[in-house]
Structure formats: structure tokens, C-alpha cells
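Here's the letter readout for the chains.
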Amino acid sequence: MLAELTDGSSIAIEATAIPVLLAITIGLGRFLKRHSGIQLGPLYQLFCITFAVWLPLEILGTNFPFRLGTMHALRAANVLLGTIFILAIMRRYYWELWFEKHQHAKAPKFLSQLFGLILFIVAVFVVIGGVYGQSIEGVIFGSTVVVGIVGFAMQDLLGNIIAGIALEIGKPFKTGDWLKIENQHAEVIEVNWRSTRLRTNDDIYLDIPNKSIVGATITNLTYPTRQHAIRVTVGFDYATPPNFIKDVMSRAAGAARGVLATPPPKVYLKDFGDSAVIYEIKFWLEDESSFNDIVDGIRTNVWYAAQRHGIRIPFPIRTVQLERAKSQSQDTMTVARASVRKQPFLQLLDEAQLEKLLAHAKFLRFGRREKVIVQGAAGESMFILLSGEAHVYVQVNGADTLVATLRTGDYCGEMSLLTGAPRSATVVAGTDCEMWEIGKEVLAEILQENETLVEKLSELLAQRRMETEGIVASSAESAQLATKQKEYTEGFLKKLYSFFEL
């Protein structure tokens, strides 16, 4: 029946069909964009026009001047533009939806681009051989010289493409992994045709050719799990025992933010240097992006811990350093005296005893977020805050609750000093803090010299316990209160004699 149509009727049908087909294809594109998020763009609009013009001509076979050349061009345009349309649909439905759902990871951009390139090259061959009837072998190998020149010019590009394919097949890393390469820690951003793009901890982007990646030794810090170990070295004085240093450093490293509690940090004696014994801290982390902050926190904690424990981080042995002993400033002594007078049991001391107590106090520094004491830990000392701010936490039902904030002149840990009781709270430095630690030994000497002071101290502790338990405020008779006071006094007296070995 199509053969019986006149040229006039064919042209009329084509004139009607073209706008209808154009409207249908444009409507299809808008539907795909709204419901599936497929971005088509100007090339799809051009495809809609060529398809709407080509299909009626192909079906009806209308004769008009230059029909053969025009049909070849329309067929070629439909094949190439149609291929681009199919690739856009595949990119959305296969690579972005199906691949991510089943592989639980984003599809490598390089892989989808390579597939698209191969499909487009096939489409070009279809146009050359199927539409224009040319020999594909003749087109490809028609000029040996041209092929040789192009091949030589593209050898680096082809090498990088082949290397990229090898990376996709071997999968030594994926997007989001952290690598150690060229002595830098960097996160994989993408693998494309030519190179692998990475981003360092300093937000510096590296663009490394795929051939170089394949030929290099790569350490994947996030495979098979994101948890991995890092090592930091520090040098200390030869005079300090290694086991003591290991204990101090492991605690300092474990207190740094970002360091995993399990496995715990370990410290190794690595080497005996010219001016220091070299130790290596091995710690575990998960968030490689925080590497710089974690290492900074460890080194900062180590410095403060070394200062508190009198451990020297030595200068090179060829440096001659002469120092004079530094005495405590007048302001520090004023703060300390005012603070000890706030403590009821220290008010029992005379001036000579007070000066002796302060003379033997130990000067300590704590860095921000360091723990001064830990709830439940053993202790035989109290602390006076000379400068800075510290927070007091009590653990209730497994959660730490802030109960107080210590400022200059405040104190903590007095019950552990007097009775050896475990720490009743955790104190954390809110800022860099300077403290004096008053230990059991010096107080024991003072009590040895004055037994009357021991009796007064036991009476004071008994009174405080009765106030805490609400006995004083109760309606008990005077005789009962006296009996309870005597009972508690005798109990604390025995405890003081035992604890201080009087």
C-alpha cells in the first residue's frame, strides 16, 4: 500500500508525522528527566529532530532531490546520537542504580567511560560499513604511516588506559581508600582514563599517571579494614629507665583523641642515638583524615607527661646547655598558701608545718583534656590548682556527669591523701593547668612530729562524715551524737595510724 501512495500524499503524511514524532521524543526525554533524573541535554534534542525527520522518510520512501545523500546523513546521525542516548540511559539505570545496589559501591567512572567509548567506536564502524558501505579494514589500515604516527603519539595515553584497566580488574584500592604513596597519605578521589586522583590530609590534590601507580609500591591503609597502626618516634634521656618511660608514653598516647582503646598503644625501645634513647609509639586509628591531629595530640601529651615525671627530652649531645634552678614565683606561693588555708584539715597546721608541706610539694603541668585523676584509681596525694581550669566528672550508670569546675586556688583528692581511699571522681584539665601535688610522705613526717594533730584530724574527719550522713541535723539526742562522734573518731584514728604508719 505504501508503494501506491503518490508523492504528494507521502509528503503530506511526512509533514504530519514529523511534528508528532518530535513531540513524542521530546516528551519521552522530559519524562526520563523528571522521573529518573537522566540529564540528556542539547544532543538529545538534536537526536529528536533527526529521528523525527528520518523515520517517515525511511518508511514511506519518498523521492526528492538528493534523497540518497540526505538519507545517509540522517541514518548516520541517528546511529551516533542514538548511541549517546542509550549510553545516558545505561549510565543512570545500570551504572548508578543497579551497580551501586548490587556491588554496594559506586561504579568506577573510568569503567563506565571505557564502556561508552567502546560502544561509540562500534557505532562509528556501523556508520562507516553499514550506512556508507565502506571497508572498515581499508579505513583502519589505509595509511600505515598515519597509523604509526598516531600510535607513537598515543603510546603514553594508551599505556595509562591499559594500566587503568589493570587497576579496575585487580582492584588494589577503591574510591575513598587511603593510600601511602610517595611518602604521603592521600585519599583516592577517582580513577579516570589517564590518572588516579588523590587528596592529602592538607587538601592538596595529586594527579598520578596510572602507569606510575601500577609500577609503584602502594600501601592501602584502609584494606582489609579501616583500622590500622601508625608509629611515632620520640627521644628521651639515657638516665631514665626504659620501662618507666614506656609506661608514661603508653598512657599519654592512649589519652589522645582519635587513638583507639583496643588494641592499646604500645611503646618499643627502637634505638640508642647519639644524644637520646629513641622510643617508638605504635597506636591504632580508624579515621585517617584525622592523622595530623592525632599525631599532634600524642606528641603534645608526651611532652606534658615528660614534664610532670621529670623526664628530659634531650638536645643534641654537642649542645652545651647551662641552667640555673628555678624557684617558684611569689604569685605561685601566694596562690598555694591561700588555697591550703581553704582546706579545713590544713587549717590545723601552723606556719612552719605549712611551709614544710609546700616546700615538698611537686610542681606538675597538665595539657588540655588530660586526666589529672581517674575515678576508682588508687591515690595517696591531693592537688592544688595554681593556674588554669579543670572539670570534675562522676560516673553514674556508666555515663560521666559534670559536677564541678575547679579554678585557680581550688583543690581535689584530699580524702585519698588522708585515708588512701580510691579517687571518688575524675578530674580533666579543661585548659593547660599548673598544679601542686602534696604527697603522703611529707604529711606523714608532720604527723609523726605531732600526735595531737592526728587526734584533731580524726575528729575533723568524723565531724565531716556525720555531716555528710545527716546525723548532725537529725533529731538524735546529745548522748547518741556523742557516741557516734566517738565511734567515728576512733575509727578514723586507727585508719590514720595505719595509713601513715605512725
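Residues numbered from 1 in each chain as written. Predicted model: local features only at pLDDT ≥ 70, side-chain atom pairs only at ≥ 80, totals over all residues. Heavy atoms only, no water.

Moving on: a nonpolar patch on the surface. Taken together, Leu43, Leu46 and Ile84 make up a surface patch of nonpolar side chains, about 230 Å² in accessible area. Here Leu46 shows up in helix α2 (residues 42–60). Judged by relative accessible area, Leu46 falls into the partly exposed class, the value being 42%. (Patch = residues over 30% accessible without salt bridge, like charges linked within 9 Å, V, L, I, M, F, W, Y side chains within 5 Å. Areas by Shrake-Rupley, 256 points an atom, 1.4 Å probe, with all protein chains shown as cover. Salt bridge = Lys/Arg side-chain N within 4 Å of Asp/Glu carboxyl O. Helix = DSSP H or I, 4+ residues; strand = E, 2+ residues; numbered from the N terminus. Buried < 20%, exposed > 50% of the residue type's maximum accessible area, 1.4 Å probe, protein only.)

Judged by nonpolar contacts, the single largest core of 31 residues is most densely connected at Phe345 and Ile438. Contributing elements (two or more residues each) for this core: α12 (351–359), β11 (381–387), α13 (414–419), β16 (433–439), α14 (440–449), α15 (451–469) and α16 (478–499). Per-element tally for this core: the top contributor is α15, with six residues. Setting aside chain neighbours within four positions, we find Phe345 in contact with Met382, Glu414, Leu417, Leu418, Leu443, Leu457 and Leu460. Grouped together as the second largest cluster of nonpolar side chains are 25 residues, Phe236, Ile245, Leu285 and Ile294 included. (Core = buried A, V, L, I, M, F, W, Y, C linked by side-chain atoms within 4.5 Å. Contact = heavy atoms within 4.5 Å.)

This next bit is on the state of the cysteines. The full count for this structure, using the stated rule, is zero disulfides. No disulfide involves Cys412; its nearest neighbouring cysteine sulfur is the one of Cys433, lying 9.9 Å away. (Disulfide = S-S within 2.5 Å.)

So, about the confidence of the model for the protein chain. Regions with low pLDDT carry predicted coordinates that are not meant to be interpreted in detail. Across the protein chain, pLDDT averages 80, with 81% of residues at or above 70. The spread of mean pLDDT over the elements of the protein chain runs between helix α6 (residues 144–153), the lowest at 54, and strand β8 (residues 277–285), the highest at 95. Counting contacts from residues 1–5, a segment whose pLDDT is below 50, to residues more than four positions away or on other chains yields five contacts. (pLDDT = per-residue confidence, 0-100.)

Following the criterion strictly, the structure yields twelve salt bridges and no others. Put simply, Glu370 and Arg308 hold a salt bridge, and the shortest N to O gap is 2.9 Å. Of this pair, Glu370 sits in the loop between β9 (362–366) and β10 (371–373) while Arg308 sits in helix α10 (residues 291–308), placing them 62 residues apart in sequence. Residue class for Glu370 comes out buried when judged on its relative accessible area of 4%. Residue class for Arg308 comes out buried when judged on its relative accessible area of 10%. Glu445 is the partner of Lys356 in a salt bridge, and the nearest nitrogen-oxygen pair spans 3.4 Å. Here Glu445 lies in helix α14 and Lys356 lies in helix α12, a separation of 89 residues in the sequence. The exposure class assigned to Lys356 is partly exposed, which follows from its relative accessible area of 23%. When salt bridges that share partners are traced, they join Glu190, Arg197 and Asp207 into one network.

For Ser458, the location among the structural elements is in helix α15. Relative accessible area serves as the criterion here: at 1%, Ser458 is assigned to the buried category.

A packed helix pair is summarised by two numbers, namely the angle formed by the two axes and the spacing between the axes. Between α12 and α14, the least distance of the axes is 9 Å, while the angle of their chain directions is 155°. The angle between α12 and α14 places the two elements in the roughly antiparallel class. Once α12 is placed against α14, the crossing between them reads as right-handed. In this structure, α12 uses Gln353, Lys356 and Leu357 to contact α14, whose residues at the interface are Val442, Leu443, Glu445, Ile446 and Glu449. Looking at the contact of α12 with α14 residue by residue, the class counts come to four nonpolar, one polar and three charged. (Axes fitted to C-alpha atoms, helices over the stretch in contact; angles between N-to-C directions. Parallel < 35°, antiparallel > 145°, perpendicular 65-115°, else oblique. Left-handed = near helix turned anticlockwise from the far one by under 90°. Nonpolar A, V, L, I, M, F, W, Y, C, P; charged D, E, K, R; others polar.)

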